[in-house]
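Here are the chains, one letter per residue:
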Amino acid sequence: MLNRVLEINHENISLSLFRGFIQIKESGNLCGTVPLEDIAVLLLSAQSTVLSKNILNALAEKGCITILCGNNYIPVGMVLPVYDHYLFAKNLKMQINSSLPLKKRIWQKIVEEKLRNQALVLRLSGDNEHWQEIKKISGFVKSGDIENREAWGAKIYWKALFGKDFIRDKNGKGINTLLNYGYAIIRASMARAVCSRGLLPALGIHHENFHNQFCLVDDLFEIYRPFVDYIVFKLVKCDVLELEREIKKELISVLHIKMNTSSGFSPLGQSMFYMVDSFIDCIARGVPELLIPNPEVVNNDFTLIE
């Protein structure tokens, strides 16, 4: 399966299945077809899309995540595949039995890496004043991030990247809308990786919310957020604040950033599977040795794998 995102953002579109393809029709006229095998994420951002249950079944059988979006491209629901995973019961038991100290140490590593990635983004953006400060903060994160160094870094990071008047607000417009769209893409990709390995996405290591069925997803994809931030930064530098078709393609390209993993280089979307595998190894052995993918940087920019 390819890491392809199929977005339906025009109103009055209908989807149907035909011989292993999704047919896209507008007012009864065929607009295009997409092979089921190619789709990793179906993103339904239009509000009047018509599709049948057999499409959701077919996509789930292929391991595809379907996202239902509300306003500002904030996901309001996901259709996740329930894999017939031979290790599901074993992995679920390991998740439940994971000790609190182990989960706190794993979260410490995630926060450290998120801060380092934020520092990298600031350095690539040309901010020579703040990136070293955030990198320094990453070295003082304690188990469970009990001193909330993540928030300390965020106060510096957002102002440095988008200006002193910027406030990160998922219900905001402009920059926030671009961020929401990019985060929706990588969150769905991480959900796909988590579910494919027989883990329960609702059972997190740090995030706890009875109304959130993706706590583990939200824990693990934190390290990837800064890569979306950098793409948005470059778009804003070109005075882009609206989600047009070509801009969405730019944001989706985050899935193709070249990452160094435990098995060599791979696209960011694929690197999530290696990170989830490492997480399973951590809870199986009871050691917080989480192997986190790192981006490849060439000529002061991230490189892509097509």
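Residues numbered from 1 in each chain as written. Predicted model: local features only at pLDDT ≥ 70, side-chain atom pairs only at ≥ 80, totals over all residues. Heavy atoms only, no water.

Within an unreviewed UniProt entry, the label attached to the protein chain reads CRISPR-associated endonuclease Cas1, and the organism entered is Candidatus Gallitreponema excrementavium. As stated in UniProt under Sequence similarities (unreviewed entry), the record for the protein chain gives "Belongs to the CRISPR-associated endonuclease Cas1 family." Listed under Subunit (unreviewed entry) in UniProt, the entry text for the protein chain is "Homodimer, forms a heterotetramer with a Cas2 homodimer." (UniProt positions renumbered as here; feature names shortened; annotations may be inferred.)

In this structure, Ile186, Met190, Tyr224 and Leu268 are the most contacted members of the largest nonpolar core, which totals 80 residues. It is helix α6 (residues 175-196) that contributes the most residues to this core, 12 residues altogether. Residues in contact with Ile186, not counting those within four places in the same chain, are Phe221, Tyr224, Arg225, Val228, Val254, Leu255, Leu268 and Met272. (Core = buried A, V, L, I, M, F, W, Y, C linked by side-chain atoms within 4.5 Å. Buried < 20%, exposed > 50% of the residue type's maximum accessible area, 1.4 Å probe, protein only. Helix = DSSP H or I, 4+ residues; strand = E, 2+ residues; numbered from the N terminus. Contact = heavy atoms within 4.5 Å.)

Taking 1.5 Å per residue, 18 residues should reach 26 Å; helix α10 (residues 268-285) reaches 26 Å between its end C-alpha atoms and fits that length. Taken as a whole, α10 has its buried residues at Leu268, Gly269, Ser271, Met272, Phe273, Met275, Val276, Ser278, Phe279, Ile280, Cys282 and Ile283. Of the residues flanking the end of α10, it is Gly286, one or two places downstream, whose phi is positive at about 75 degrees. (Expected span 1.5 Å × (residues − 1).)

Once that is clear, we can look at the UniProt feature "binding site: Mn(2+)" (unreviewed entry) in the protein chain. Per the UniProt entry, the sites bearing "binding site: Mn(2+)" (unreviewed entry) are Glu150, His207 and Glu222 in this numbering. What stands out for the annotated residues spanning 73 residues is how close their C-alpha atoms remain, the widest pair being 13.5 Å apart. As for its position among the elements, Glu150 is in helix α5 (residues 149-162). In this view, Glu150 contacts Trp107, Val111, Lys114, Leu115, Asp145 and Glu222; residues no more than four positions away in its chain are not counted. Along the chain, Glu222 falls in the loop between α7 (215-220) and α8 (225-237). Apart from the residues lying within four places of it in its own chain, the contact partners of Glu222 are Trp107, Ile110, Lys114, Glu150 and His207.

Taken together, the four strands give an open sheet; going across it, the order is β1-β5-β6-β7, and neighbouring strands pair in mixed fashion. With one partner strand each, in any of the chains shown, β1 (4-8) and β7 (75-79) form the two edges of the open sheet. Within this sheet the neighbouring strands show an average axis-to-axis angle of 20 degrees, counted without direction. By the bridge criterion, five bridges tie β1 to strand β5 (residues 39-44) in an arrangement that is parallel. Opposite Arg4, over in β5, you have Ile39 as the bridge partner. (Pairing = 2+ DSSP bridges. Axes fitted to C-alpha atoms, helices over the stretch in contact; angles between N-to-C directions.)

Take unusual backbone geometry next. One non-glycine residue, Asp239, lies in positive phi territory at about 65 degrees. Along the chain, the position of Asp239 falls in the loop between α8 and α9 (245-252). Judged by its relative accessible area of 70%, Asp239 falls in the exposed class.

Pairing in this open sheet of three strands is antiparallel, and the strands run β9-β8-β10 from one edge to the other. Whereas interior strands pair on both sides, the edge strands pair on one side only; in this sheet they are β9 (264-267) and β10 (294-295). As paired elements, strand β8 (residues 258-261) and β10 share two bridges and run antiparallel to each other. Note on β10: the bridge partner recorded for Asn260 is Asn294.

Before going further, it helps to spend a moment on the pairing of strand β6 (residues 65-69). Of all five residues making up β6, four are buried, and the element is well covered by its neighbours. Pairing of β5 with β6, which is carried by four bridges, proceeds in the parallel orientation. Residue Leu42 lies in a different strand from β6, and its bridge partner there is Thr66. Where the polypeptide runs from β5 across helix α1 (residues 53-61) and back to β6, its parallel neighbour, the crossover connection is right-handed. (Right-handed = clockwise from strand over helix to strand, strands pointing away.)

Before going further, it helps to examine the packing of helix α3 (residues 100-124) against α10. As a packed pair, α3 and α10 sit with axes 11 Å apart at the nearest point and diverge in direction by 150 degrees. Considering their axes alone, α3 and α10 lie roughly antiparallel with respect to each other. Between α3 and α10 lies a crossing of right-handed hand. Of α10, the residues touching α3 (which contributes Leu102, Ile106 and Ile110) are Met275, Phe279, Cys282 and Ile283. When the residues that make up the contact of α3 with α10 are grouped by side-chain class, the tally is seven nonpolar, no polar and no charged. (Parallel < 35°, antiparallel > 145°, perpendicular 65-115°, else oblique. Left-handed = near helix turned anticlockwise from the far one by under 90°. Nonpolar A, V, L, I, M, F, W, Y, C, P; charged D, E, K, R; others polar.)

For Leu43, the position within the fold is in strand β5. Residues Leu43 and Pro75, spaced 32 residues apart in sequence, show a C-alpha to C-alpha distance of 9.2 Å. Once residues within four sequence positions are removed from consideration, Leu43 is found in contact with Val5, Leu6, Glu7, Ile8, Ile67, Cys69, Tyr181 and Ile185.

Applying the stated criterion to the full structure yields eight aromatic pairs. Residues Trp158 and Phe166 carry aromatic rings whose centres are separated by 5.7 Å and whose planes lie at 50 degrees to one another, so their mutual orientation is tilted. Pair check on accessibility: Trp158 and Phe166 agree, each one buried. When the centroid spacing of 5.5 Å and the interplanar angle of 90 degrees are considered together, the rings of Tyr230 and Phe302 count as edge-to-face. Taken together, the positions of Tyr230 in helix α8 and Phe302 in the segment after β10 put the pair 72 residues apart, joining distant regions of the chain. The buried category is assigned to Phe302, whose relative accessible area is 9%. By the ring-pair criterion, three or more aromatic residues cluster together here, those being Tyr224, Phe227, Tyr230, Phe233 and Phe302. (Phe/Tyr/Trp six-rings, centres within 6.5 Å; stacked < 30°, edge-to-face > 60°.)

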